[in-house]
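# Structural features, examined
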Amino acid sequence: MTDAGLENAAARALELVRDGTRIGLGTGHAAGVFLARLADRVRAGLRVVGVPTSEATAALARSLRIPLGALDDEEEKLALTVDGADEVTPNLDLVKGFGGALVRERIVAAASRRQVILVGHDKLVDRLATRGRIPIEVVPFACELVLRRVRALGLDPIVRLADGRRFVSDNGNLTIDCGVAAPLADAHAARVLEADLRAIPGVVDTGLFLGTAERVLVGYPDGHVDVLQARR
């Protein structure tokens, strides 16, 4: 798709940002589109402090002169987090982590009053793992143990590489992409798999973000934006 849909989705997300608030800044292409829009508003006088979910996002925000802070700067929750996702189901369950920042994305989302997701229409799926993999972040010392345990769950784990070397997250951990033979049957199956993966010693977090999104803004090539909201 062209970026027209994401640009308009980012504009819709920006309408949710109030002056004088602290917001979480996601990682990835969609989040980058939002940051560019946010920077325009900051130059026009909007006062915000962003908490980035990755070093890459922090670097981009600094280059755009968006003020940054940390989670320990204030006790109060962030007003919202704007992020992307790799898969979105009709009930707004997500797969995240293809960009390698899932742990910090989880932490910042948990520290926020609401999580707003920006995606192109191509990220909409009927069932999670439609793209064939679920990322997990793993302590390096536990890598071989985790690989064995993941295989025992019937998945096909592969340690993620970058430039021919093992990809290392901002937290100093490895990412394992858990290959899935078929999409997960339903929301219950996703929750069972999340619990099974989290129970493996050495797994820091998974890319299954279940029930975290308050709304998803879906951009289409013609510029149209759908707003999907969670049922609470």
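Please refer to the structure higher up on the page.
Residues numbered from 1 in each chain as written. Predicted model: local features only at pLDDT ≥ 70, side-chain atom pairs only at ≥ 80, totals over all residues. Heavy atoms only, no water.

### A few points about the overall build of the protein chain
Defined as follows: Helix and strand definitions follow DSSP, with helices as H or I runs of at least four residues and strands as E runs of at least two, each counted in order from the N terminus. Only the C-alpha atoms count toward the radius of gyration. The rule for a globule is 2.2 Å times the residue count to the power 0.38. Only protein chains enter the accessibility calculation, which uses a 1.4 Å probe. A residue is then buried if its area is under 20% of the maximum for its type, exposed if over 50%, and partly exposed in between. Accessible areas in this description were obtained via Shrake-Rupley with a 1.4 Å probe; residue shielding takes into account the shown protein chains only.
A count of helices and strands for the protein chain gives 6 helices and 15 strands. Here the protein chain has a C-alpha radius of gyration of 17 Å; the compact-globule value for 232 residues is 17 Å, and the two agree. Of all 232 residues assigned to the protein chain, the portion counted as buried reaches 50%. Here the protein chain displays about 10800 Å² of accessible surface, and carbon together with sulfur accounts for 50% of that area.

### Describing the nonpolar core
We apply this condition: Put simply, buried Ala, Val, Leu, Ile, Met, Phe, Trp, Tyr and Cys residues joined by side-chain atoms within 4.5 Å make one nonpolar core. Only heavy atoms enter the contact rule, under which two residues are in contact if any of them lie within 4.5 Å.
Ranked by size, the top nonpolar core spans 26 residues in total, and within it Val17, Leu25, Phe34, Leu38 and Leu118 carry the most contacts. When contributions to this core are tallied by element, the ones reaching two or more residues are helix H1 (4-14), strand S1 (21-25), helix H2 (29-43), strand S3 (80-83) and strand S6 (115-120). Residue contributions to this core peak at 7 residues, all from H2. Other than its neighbours up to four places away in sequence, Val17 contacts Ile23, Phe34, Leu46, Val48 and Leu80.

### Overview of the sheet that holds strand S5 (residues 94-95)
Put simply, the rule reads: Whether two strands pair depends on DSSP finding at least two bridges between them.
On the basis of which strands lie adjacent, the open sheet formed by 3 strands has the order S4-S5-S13 and antiparallel pairing. Where the open sheet ends on each side, the last strands, each with one partner, are strand S4 (87-88) and strand S13 (208-209). Strand direction decides the pairing type here: S4 and S5, joined by 2 bridges, are antiparallel. Residue pairing across strands places Val88 opposite Leu94, the latter belonging to S5.

### A word on the layout of surface pockets
Counted only if it meets this: A cavity here means a set of points on a 1 Å grid, drawn over the protein atoms and nothing else, where a 1.4 Å probe fits but cannot get out; a pocket is an open set with protein on both sides within 12 Å along at least five of seven lines, and a residue lines either one if it has an atom within 4 Å of a point. Grid points are joined across faces, edges and corners, and a volume is the space filled by probe spheres set on the points. Gly is placed with the polar residues, together with every amino acid not listed as nonpolar (Ala, Val, Leu, Ile, Met, Phe, Trp, Tyr, Cys and Pro) or charged (Asp, Glu, Lys and Arg).
Approximately 270 Å³ is the volume attributed to the largest pocket. Contributing to the lining of the largest pocket are 24 residues, with His29, Ala30, Ala85, Asp86 and Lys123 lying nearest its centre. Listing elements by their share of the lining of the largest pocket, those giving two or more residues are H2 and S6. Its residues assigned to classes, the lining of the largest pocket comprises 9 nonpolar, 8 polar and 7 charged. Looking at the second largest pocket, it is lined by 13 residues, and the ones nearest its centre are Val51, Pro52, Gly69, Ala70 and Arg104. Looking at the lining of the second largest pocket, the elements that each hand over two or more residues are strand S2 (48-52), helix H3 (55-63) and helix H4 (102-110). Here the lining of the second largest pocket is composed, by residue class, of 8 nonpolar, 2 polar and 3 charged.

### Some words on a nonpolar patch on the surface
As a reminder, the rule being used: Nonpolar side chains (Val, Leu, Ile, Met, Phe, Trp, Tyr) within 5 Å and like charges within 9 Å form the patches, drawn only from residues with over 30% relative accessible area and no salt bridge. Should a side-chain nitrogen of Lys or Arg be within 4 Å of a carboxyl oxygen of Asp or Glu, the pair is scored as a salt bridge.
Residues Val139, Phe141 and Val204 make up a contiguous nonpolar surface patch of about 320 Å² in total accessible area. Structurally, Val204 is set in strand S12 (residues 203-206). Judged by relative accessible area, Val204 falls into the partly exposed class, the value being 34%.

### Description of the environment of Ala190
Structurally, Ala190 is set in helix H6 (residues 187-198). Sequence separation between Ala190 and Ala129 is 61 residues; the distance between their C-alpha atoms is 9.1 Å. When sequence neighbours within four positions are dropped, the list of residues in contact with Ala190 reads Leu128, Leu184, Leu208 and Leu210.

### Side note on the sheet that holds S12
Our working rule: Simply put, an axis is a line fit to the C-alpha atoms, just over the touching stretch for a helix, and the angle between two N-to-C directions goes from 0 to 180 degrees.
Here we have 4 strands laid out as an open sheet, ordered S8-S11-S7-S12, and antiparallel in their pairing. The open sheet is flanked by strand S8 (156-159) and S12, the only strands paired with a single partner. Neighbour-to-neighbour, the strand axes of this sheet turn through a mean angle of 30°, independent of strand direction. In this sheet, strand S11 (residues 174-179) lies alongside strand S7 (residues 133-138) in antiparallel orientation, the contact comprising 6 bridges. Bridged to Val138 within S11 is Leu174. Those strands touched by H4 are S7 and S12, and its axis lies near 70° from that of S12. Lying on the sheet, H6 is in contact with S7, S11 and S12; it crosses S12 at an angle near 160°.

### Observations concerning the pairing of S2
Counting buried residues along S2, 4 of its 5 residues qualify, which places the element largely inside the surrounding structure. Bridge analysis of S1 against S2 gives 5 bridges, and the strand direction is parallel. Of the residues in S2, the one forming a bridge with Leu25 is Pro52.

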